[in-house]
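Below, each chain spelled out in residue letters.
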Amino acid sequence: GTSAPSQALPEVERPQTGTGYEMHWPPPEHILGCPVEGEPLNELREGIISTMAAHDKKRQLFPSAVMNRVVYDSIEPNPNPSKDPRPQAALAEGQLRQYYEVTSPDDDTLVFESRFESGNLRRAIQIYPDEYDLILRPDINTRGHTQWYYFGVSNMRKGRRYKFNVINMMKPDSVYNQGLKPLLYSNKETRRRQHAAAE
């Protein structure tokens, strides 16, 4: 196999996790840019609560249809690593092997990652082909608080709708009820908008 080119790391002190677990370094790089127009608030669709309740009930009625496949864990190693016979490329300094390795171009399993500074996704479980249960890692030095989320996703397919269930972020009320949308960021989309704005 071919070796990955060596990557010059910035001469700064790496952040400490406080847990002893390894992190990717450098962390994800975000392209700085400000949208021309503000994003509209989310409008709660009529009947969405009953629709979601019926969907969750289906999981209980037909458990054999639930895949229940762990596709990411930020702490435990994958007990079923990829059986891809092709040699794996060497990792650049500071990078970690992905929990789930895509096996072929037809493999549409989402690839999650949060082992970087401020990332807090503990585990991702595939429920249906396009639905995943997400478990957040509680904030350190708290009694289990999960006030936010930060993780990366790749291997998505254009035109597909995915559903993420953050199952341990429970609050009696939330600003999501007031129109807040989850924050999504894409380097590809940011580059496209910057290019369009420059024309």
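Along each chain, the written sequence defines residue order, and numbers are assigned to residues from 1. The predicted origin of the model limits local features to residues at a pLDDT of at least 70 and limits the giving and counting of side-chain atom pairs to 80 or more, whereas totals for whole chains, interfaces and linings rest on all residues. Only hydrogens and water are set aside when side-chain values are computed; all heavy atoms of the structure are taken into account.

Caption draft 1: Here's a closer look at the environment of Arg137. Mapped onto the secondary structure, Arg137 falls in the loop between strand 4 (131-136) and strand 5 (152-154). Separated by 14 residues in the primary sequence, Arg137 and Arg123 have C-alpha atoms spaced 8.2 Å apart. For Arg137, the contacting residues outside a window of four places in its chain are Ser74, Gly119, Asn120, Leu121, Arg122 and Thr146. Within the local environment of Arg137, its side chain forms a polar contact with the side chain of Ser74, the two groups lying 3.1 Å apart. Within the structure, Arg137 has its side chain in polar contact with the backbone oxygen of Gly119 (distance 2.7 Å). Numbering goes from the N terminus for both helices and strands, where a helix is a DSSP run of H or I of at least four residues and a strand is a run of E of at least two. Throughout, a contact is declared for two residues whenever any of their heavy atoms are within 4.5 Å. Polar contact is the term for a pair of N or O atoms within 3.5 Å; when the atoms are in protein, one must be able to donate a hydrogen and the other to accept it, and sequence-neighboring residues count only if both atoms are side-chain atoms.

Caption draft 2: Structural view of helix 2 (residues 187-198). Taking 1.5 Å per residue as the helical rise, helix 2 with its twelve residues ought to reach 16 Å, and the 16 Å between its terminal C-alpha atoms agrees with that figure. Its side-chain oxygen placed 3.3 Å from the backbone nitrogen of Lys188, Ser186 serves as the N-cap of helix 2. Multiplying 1.5 Å by the residue count of a helix minus one yields the expected span of that helix.

Caption draft 3: Here's a closer look at the nonpolar core. Throughout this description, the term nonpolar core refers to a set of buried Ala, Val, Leu, Ile, Met, Phe, Trp, Tyr and Cys residues connected via side-chain atoms within 4.5 Å. Summary of the burial criterion: residues with accessible area below 20% of their type's maximum are buried, those above 50% are exposed, and those between are partly exposed, where the area comes from a 1.4 Å probe applied to protein chains only. Core analysis: the biggest nonpolar cluster contains 15 residues, and Tyr72, Phe112, Leu121, Ala124, Tyr132 and Leu134 have the highest contact counts within it. Elements with a contribution of two residues or more to this core: strand 1 (69-73), strand 2 (111-113), strand 3 (121-128) and strand 4. Looking at this core element by element, the count peaks at three residues for strand 4. Filtering out sequence-adjacent residues up to four positions away, Tyr132 remains in contact with Val71, Asp108, Thr109, Leu110, Phe112, Ile125, Gln126, Ile127, Lys163, Phe164 and Asn165.

Caption draft 4: Geometry of the pattern of salt bridges. For this document, the term salt bridge refers to a Lys or Arg side-chain nitrogen within 4 Å of an Asp or Glu carboxyl oxygen. If you walk through the whole model with that rule in mind, you get ten salt bridges. With a shortest N-O distance of 2.9 Å, Glu113 and Arg115 are connected by a salt bridge. With respect to burial, Glu113 and Arg115 carry one shared label: buried. Here Arg160 makes a salt bridge to Asp130, at a shortest N to O gap of 2.6 Å. You can see Arg160 sitting in the loop between strand 5 and strand 6 (163-166) and its partner Asp130 sitting in the loop between strand 3 and strand 4, a full 30 residues away along the chain. Judged by its relative accessible area of 30%, Arg160 falls in the partly exposed class. Under the relative-accessibility criterion, Asp130 is labelled partly exposed at 23%.

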